[in-house]
Amino acid sequence: MTVTVDPSEVAKFEAMAAEWWDPNGKFKPLHMLNPCRLDYITTQIAGEFDRDLKQSEPFKGLKIVDIGCGGGLLCEPMARLGAEVVGVDAAERNIPVAMTHAEQSGLTIDYRHTTAEAVVAGGERFDVVLNMEVVEHVADPLAYLTACRELLKPGGLHICSTLNRNPKSFAMAIVGAEYVMRWLPKGTHEWNKFITPDELYDLMERAGLQPVDRKGFVFNPISWKWSLSDRDLSVNYVTAALAPGG
């Protein structure tokens with residue numbers, strides 16, 4: 001079994017684990033981005049599985065796994081929408097933080113300190129795989145995306161976000177976020193590990209996934225908010241793809 005976890009990347013997030021739920025802490029950028037991420041995720045899931053987001057618990061009956069779940073910023077809203085949620089993270093210290101917060105929130109979420117490959121080996125399959133801001137941190141993106149595809153039931157939905165690799169992303173995601181705004185500890189991201197949208201589409205196709213959509217996450221420094229864009233994928237972007245056989 002290929003293990004795609006990069007120990008040095010895991011160590012970075014272990015060091016920040018206790019701050020996951022502090023909206024002004026080291027994960028402030030994710031808290032700011034989260035409403036935009038959730039808008040995309042919920043819209044894609046509702047469209048693919050014919051669910052009405054106005055209903056109570058519209059995702060009831062769906063099994064969702066969040067790979068690289070961190071402190072549970074996406075797992076908790078998925079559970080509130082009625083899904084059966086498994087949260088997986090290779091950074092051990094993230095799991096008790098996520099478990100405690102879910103308990104305090106009255107939510108049942110199955111959190112595990114493990115890897116995508118280990119869950120595949122256990123034979124579980126899911127309707128949806130969330131793979132958000134992880135692929136740029138793994139040792140072997142193709143092997144990792146292949147594991148994500150193997151986690152899906154036939155016709156299942158894979159949602160993956162990452163960072164584009166170009167001069168603008170270097171200026172915004174590394175210089176801006178780590179050095180100027182100090183939103184993230186220096187060294188959180190490695191620019192040479194960023195993946196262009198075309199490269200990600202190619203990797204997903206080679207992993208056996210069928211890409212069906214991509215959008216940009218765009219930060220507006222005037223309104224201080226994120227929004228979705230059909231055209232601007234220059235820094236942060238998100239994709240949707242389907243497993244064959246649905």
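Since this is a predicted model, take the numbers as computed values, not measurements.

Undergrad: I keep staring at the overall build of the protein chain and nothing clicks. Help me out?
TA: Of the regular secondary structure elements, the protein chain holds eight helices and eight strands. Looking at the protein chain as a whole, 55% of its 246 residues are labelled buried. The long-range share in the protein chain, meaning contacts at least 24 apart out of those at least 6 apart in sequence, stands at 69%. When the accessible surface of the protein chain is summed, it comes to about 10,900 Å², and 53% of that surface belongs to carbon and sulfur atoms.

Undergrad: Can you help me understand the pairing of strand 4 (residues 126-132) in this one?
TA: Successive residues of a regular strand alternate their side chains across the two faces of the sheet. Most of strand 4 is tucked away, with seven of its seven residues classed as buried. Pairing analysis gives six bridges linking strand 4 to strand 5 (residues 152-163), with the strands arranged parallel. Residue valine 128 lies in a different strand from strand 5, and its bridge partner there is leucine 157. Note that the unit made of strand 4, helix 6 (residues 141-150) and strand 5 has a crossover that is right-handed.

Undergrad: What is the right way to look at the pattern of salt bridges in this model?
TA: If charged atoms from side chains of opposite charge come close, those side chains can pair. For the coordinates displayed, the defined rule picks out 12 salt bridges. With a shortest N-O distance of 2.8 Å, glutamate 199 and arginine 165 are connected by a salt bridge. Here glutamate 199 is found in helix 8 (residues 197-206), whereas its partner arginine 165 is found in the loop between strand 5 and helix 7 (167-180), with 34 residues between them in sequence.

Undergrad: I keep staring at helix 6 and nothing clicks. Help me out?
TA: Every α-helix winds through 3.6 residues per turn, so residues three or four apart in the chain are directed the same way. Three or more residues of helix 6 are buried, namely Tyr144, Leu145, Thr146, Ala147 and Cys148. Elements that come into contact with the buried residues of helix 6 comprise strand 1 (63-67), helix 5 (116-121), strand 4, strand 5 and helix 8.

Undergrad: Please clarify how the sheet that holds strand 6 (residues 210-220) should be interpreted in this entry.
TA: The strands making up a sheet are joined through hydrogen bonds of the backbone, oriented either antiparallel or parallel. Reading across the sheet, the eight strands line up as 3-2-1-4-5-8-6-7 and stay open at both edges, with mixed pairing between neighbours. With partners counted over all chains shown, the strands left at the sheet margins are strand 3 (110-113) and strand 7 (225-229), one partner each. If you compare each strand with its neighbour and ignore which way they point, the axes differ by 20° on average. Sheet strands touched by helix 6: strand 1, strand 4 and strand 5. Its angle to strand 5, the strand with the most contacts, is close to 145°.

Undergrad: Is there a simple way to think about the side chain of aspartate 66 in this case?
TA: Topologically, aspartate 66 is positioned in strand 1. Aspartate 66 has contacts with Leu74, Cys75, Val86, Gly87, Val88 and Leu130, leaving out every residue within four places of it along the chain.

Undergrad: What is the right way to read the nonpolar core from this model?
TA: Looking at soluble globular proteins, one finds that nonpolar side chains tend to be buried together. Counting 34 residues, the largest nonpolar core has Ile45, Met78, Leu130 and Ile159 as the members making the most contacts within it. Elements with a contribution of two residues or more to this core: helix 2 (28-49), helix 3 (75-80), helix 4 (94-104), strand 4, strand 5, strand 6 and strand 8 (236-242). Examining the composition of this core, we find that seven residues originate from one element, helix 2, more than from any other. Beyond its immediate sequence surroundings of up to four residues, isoleucine 159 is in contact with Tyr40, Ile41, Gln44, Ile45, Val129, Leu130, Asn131, Met132, Val238 and Thr239. Membership of the second largest hydrophobic core comes to 30 residues, among which are Val119, Val120, Leu152 and Met204.

Undergrad: What is the right way to look at unusual backbone geometry in this model?
TA: Glycine aside, a negative phi is what most residues show, and trans is what most peptide bonds show. For aspartate 50, which is not glycine, the phi dihedral falls at a positive 55°. By the element assignment, aspartate 50 lies in the loop between helix 2 and strand 1. Judged by relative accessible area, which is 70%, aspartate 50 ranks as exposed. Although it is not a glycine, glutamate 133 sits at a positive phi angle of roughly 55°. Note that glutamate 133 resides in the loop between strand 4 and helix 6.

Undergrad: Honestly, the packing of aromatic side chains in this entry has me stumped. Any pointers?
TA: Any aromatic ring pair is given by two values, namely how distant the centres are and how the planes are angled relative to each other. Applying the stated rule across the entire model yields two aromatic pairs. Between phenylalanine 219 and tryptophan 224, the ring centres sit 5.1 Å apart and the planes meet at 70°, which makes this aromatic pair edge-to-face. Summarising the aromatic geometry, the rings of phenylalanine 219 and tryptophan 226 are spaced 5.3 Å apart at their centres and angled 50° between planes, so their arrangement reads as tilted. Side by side, phenylalanine 219 and tryptophan 226 carry an identical accessibility label, which is buried.

What counts as what
- Residue positions are given per chain, counting from 1 as you read along its sequence in written order.
- Restriction of local features to residues with pLDDT of at least 70 applies here, the model being predicted, together with a cutoff of 80 or more for giving and counting side-chain atom pairs; totals for whole chains, interfaces and linings are based on all residues.
- Note that the side-chain values use all heavy atoms of the structure and ignore hydrogens as well as water.
- The secondary structure listing takes helices from DSSP runs of H or I that are at least 4 residues long and strands from runs of E that are at least 2 residues long, numbered from the N terminus.
- Only protein chains enter the accessibility calculation, which uses a 1.4 Å probe; a residue is then buried when its area is under 20% of its type maximum, exposed when over 50%, and partly exposed in between.
- By definition in these notes, contact holds between two residues if any of their heavy atoms fall within 4.5 Å.
- In short, Shrake-Rupley with a 1.4 Å probe defines the accessible areas, and a residue's cover is counted only from the protein chains shown.
- By definition, two strands form a pair when at least two bridges between them are found by DSSP.
- Handedness of a crossover is defined as follows: with both strands directed away from the viewer, a clockwise route from the first strand across the helix to the second makes it right-handed.
- The term salt bridge refers to a side-chain nitrogen of Lys or Arg lying within 4 Å of a carboxyl oxygen of Asp or Glu.
- In this analysis, axes come from line fits to C-alpha atoms, helices being fitted only over the stretch in contact, and the angle between any two N-to-C directions falls in the range 0 to 180 degrees.
- Residue types Ala, Val, Leu, Ile, Met, Phe, Trp, Tyr and Cys, when buried and joined through side-chain atoms within 4.5 Å, form a set referred to as a nonpolar core.
- Between rings of Phe, Tyr and Trp, where Trp is taken as its six-membered ring, a pair exists when centres lie within 6.5 Å; planes separated by under 30 degrees are stacked, by over 60 edge-to-face, and by other angles tilted.

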